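Examining the three-dimensional arrangement
Here is how the chains run, residue by residue.
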Amino acid sequence: MRSPSVFPPWLRSEISARLGFPHPESAMAQAYDPNNIFAKILRGEAPCLKVYEDETALAFMDIMPRGDGHVVVVPKVAARNILDIAPADLARFMPAVQKVALAAKKGLNAEGVKIEQYNESASGQTVYHLHFHVLPRWADVALKPPGGPIVSADVLAPIAEKIRAAIAEG
Ligand code: AMP
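Below, the structure is looked at part by part.

Re the site of the ligand
Taken together, 13 residues form the shell around the ligand, and within it Ile-63, Met-64, Tyr-118, Thr-126 and Val-127 come nearest. When grouped by side-chain class, the residues that make up the shell around the ligand number nine nonpolar, three polar and one charged.

In structure tokens, the structure reads:
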């Protein structure tokens, strides 16, 4: 068996970029698929109900919400999950997650906010572009399980508007 790489995936990517050819160990890493649904949303090729955008991030309503105000926040850089994003890109992006969490809590009068993030299928990841789930929480309301049903934009739009308004208020 091959011994584990000393290079994490993000560092292999950076080495590849600087060398101009793939790092020898890059085939071991799971590849980023630019046709995933979040990449299409980022390119404007698929619709979303946007709640926030800046130069590092896009946040939009989850179409299969596990509770009221379930938002996903995605970085604009192409990263499969937290295992392959460059630390500097992650650091630039994370304030957007905090901004959306604060706004979701305030805008929906939530008692708390849960942040979830999955890496690879064994952990529950189904969309292979890094994303953070922002889940407003109320102590006496249970979260629904992942995986549906799909909720219409008509139902999600007024919730998105409350979160947008809270972001605008600062
Ligand atoms: P994960 O299991 O962490 O990969 O979560 C992927 C999330 O993306 C799930 O909560 C899905 O409901 C959500 N999702 C999938 N397709 C879309 C879409 N087109 N717009 C918004 N959310 C989506």
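That shown, we press on.
Let's talk about helix α4 (residues 153-169)
In this model, α4 (17 residues) spans 24 Å end to end at C-alpha, consistent with the 24 Å of a helix rising 1.5 Å per residue. Taken as a whole, α4 has its buried residues at Leu-156, Ile-159, Ala-160, Ile-163 and Ala-166. Contact partners of the buried residues in α4: β1 (50-53), β2 (57-61), β3 (71-75) and α3 (87-107).

Some words on the sheet that holds strand β5 (residues 132-137)
Spatially, five strands are ordered β1-β2-β3-β5-β4 in an open sheet, and the strand pairing comes out antiparallel. Across the chains shown, the open sheet's two edge strands, defined by having one partner strand only, are β1 and β4 (112-116). Taking the axes of each pair of neighbouring strands and ignoring which way they run, one obtains an average angle of 20° across the sheet. Sheet topology places β1 next to β2; three bridges connect them, and they run antiparallel.

Focus: the packing of α3 against α4
Axis separation between α3 and α4 bottoms out at 8 Å; the angle between their running directions is 115°. Viewed along their axes, α3 and α4 adopt a mutual orientation that is roughly perpendicular. The chirality of how α3 crosses α4 is right-handed. Facing Lys-99, Ala-103, Ala-104, Lys-106 and Gly-107 of α3, the residues of α4 in contact are Lys-162, Ile-163, Ala-165, Ala-166 and Ile-167. Class assignment of the residues belonging to the contact of α3 with α4 gives a composition of six nonpolar, one polar and three charged.

Each value, and the rule that gives it
Residues numbered from 1 in each chain as written. Predicted model: local features only at pLDDT ≥ 70, side-chain atom pairs only at ≥ 80, totals over all residues. Near = placed C-beta within 6 Å. Nonpolar A, V, L, I, M, F, W, Y, C, P; charged D, E, K, R; others polar. Helix = DSSP H or I, 4+ residues; strand = E, 2+ residues; numbered from the N terminus. Expected span 1.5 Å × (residues − 1). Buried ≥ 20, exposed ≤ 12 C-beta atoms within 10 Å, placed from the backbone. Contact = placed C-beta atoms within 7 Å. Pairing = 2+ DSSP bridges. Axes fitted to C-alpha atoms, helices over the stretch in contact; angles between N-to-C directions. Parallel < 35°, antiparallel > 145°, perpendicular 65-115°, else oblique. Left-handed = near helix turned anticlockwise from the far one by under 90°.

These values are about where atoms sit, not about what they do.
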